[in-house]
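# Breakdown of the fold
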Amino acid sequence: MNADFRDEVYPRLMSGELTTCFALSEPDAGSDIWRLRTVAERVDGGWLLNGTKQWSTNAPYADWCLVFVVTDRDAFSQHRGGVTGFIVNMRAEGVLLESVIRMFGHAGGDEGIISFQDAFVPDRQVIGEPGQGLTYAMSGISTGRLYNSARAIGLAKWAVSKALDYAEVRTTFGGLLIENQAISFPLADAAMEIHAAHLMGLDTARALDEGDKLEPKSR
């Protein structure tokens, strides 16, 4: 990425003045990334993007989009990379938020479908080296799994706390709900599982802070 562009945009992203979304998945390509169909073709001074991305979190509100598309069809067909990352202005010509995917429990909706129709992206907005985008994308996804685990643990703790508060005041058949094993035992099991998940998340964060790539180890 061009240093001038990075210096222009990054401080505003870090301050929260601007936000981004992440676009890797497509209507027919989720965990199977080798089914990606969105492409970028080389033109004078940059690239033209064409295709559709789906499940892009924060797309309805983002200023910029981190998008990963096929740029080398031969390498991609042989599963040898061929994907390049770009940072694209969501208000650029040819970039369209097609729709918002409504998710249970999310007011308004955070997941979007984005189409690119001859959207021009200058060379200075290429992320890293052309053709190496999958390396950058998967690194970001792996980091995201860590903070998503923290969010899930926090929500789970809140849910158990609310359930426990209610069980300690609600009375049925002359007694409190918490006095029934059918209520108290599942709550205890849930608390133990959440505690174990919390410790595992902390251990993973510690390992990453120490530089451990957490690669699978042979037995």
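This one's a predicted model, so the numbers in the text were calculated from it and none came from an experiment.

Rules of the game
- Going along each chain's sequence as written, the residues are numbered from 1 onward.
- Where totals are concerned, whole chains, interfaces and linings use all residues; where local detail is concerned, this predicted model gives features only for residues with pLDDT of at least 70, and gives and counts side-chain atom pairs only at 80 or more.
- Note: side-chain values were computed over all heavy atoms of the structure, leaving out hydrogens and water.
- Here, nonpolar core means buried Ala, Val, Leu, Ile, Met, Phe, Trp, Tyr and Cys residues that are tied together by side-chain atoms lying within 4.5 Å of each other.
- Each residue's exposure class comes from its accessible area (1.4 Å probe, protein chains only) as a fraction of the maximum for that residue type: buried when under 20%, exposed when over 50%, partly exposed otherwise.
- Where helices and strands are cited, they refer to DSSP runs of H or I of at least four residues and of E of at least two residues respectively, numbered from the N terminus.
- The pLDDT value expresses, per residue, how confident the predictor is, ranging between 0 and 100.
- By the convention used here, strands pair only if DSSP detects at least 2 bridges between them.
- Here the term cavity refers to a set of points on a 1 Å grid, laid over the protein atoms alone, in which a 1.4 Å probe fits but cannot get out; the term pocket refers to an open set having protein on both sides within 12 Å along at least five of seven lines, with lining residues being those that place an atom within 4 Å of a point.
- Grid points are joined across faces, edges and corners, and a volume is the space filled by probe spheres set on the points.
- Any residue that is not Ala, Val, Leu, Ile, Met, Phe, Trp, Tyr, Cys, Pro, Asp, Glu, Lys or Arg is counted as polar, Gly included; the first ten are nonpolar and the last four charged.
- When a carboxyl oxygen of Asp or Glu lies within 4 Å of a side-chain nitrogen of Lys or Arg, that pair is called a salt bridge.

By size, the foremost hydrophobic cluster in this structure holds 19 residues, and its most contacted members are Leu49, Cys65, Val67, Phe86, Val88, Ile114 and Phe116. Within the residue set of this core, elements represented by two or more residues are β1 (20-23), β3 (46-57), β4 (64-70), β5 (83-89) and β7 (111-122). The element contributing the most residues to this core is β7, with four residues. Core analysis: the next-biggest nonpolar cluster, separate from the first, contains 11 residues, Val70, Phe76, Leu134 and Ala137 among them.

A word on the confidence of the model for the protein chain. Taken as a whole, the protein chain shows an average pLDDT of 91; of its residues, 95% reach a score of 70 or greater. Confidence, expressed as mean pLDDT per element, reaches its minimum in the protein chain at helix α1 (residues 3-15) with 88 and its maximum at β4 with 97.

The subject of this paragraph is the pairing of β1. Within a regular strand, the side chains alternate between the two sheet faces. On β1, burial follows the alternation: Cys21 and Ala23 on one face are buried, whereas Thr20 and Phe22 on the facing-out side are not. As defined by bridge partners, β1 adjoins β4 across four bridges and the pair is classed as parallel. Residue pairing for β4: Cys21 is matched across the bridge by Cys65.

The next subject is the layout of surface pockets. In this structure, the largest pocket spans a volume of roughly 900 Å³. Looking at the largest pocket, it is lined by 27 residues, and the ones nearest its centre are Phe22, Thr57, Ile141, Tyr147 and Asn148. Residues that form the lining of the largest pocket fall into these classes: 11 nonpolar, 12 polar and four charged.

For the rest of this paragraph, the subject is the pattern of salt bridges. Under the counting rule described, the total for this entry stands at eight salt bridges. The shortest N-O distance in the salt bridge between Asp123 and Arg42 comes to 2.7 Å. One end of the pair, Asp123, is in the loop between β7 and β8 (126-127); the other, Arg42, is in strand β2 (residues 39-43), with 81 residues separating them in the sequence. Given the relative accessible area of 51%, Arg42 is considered exposed.

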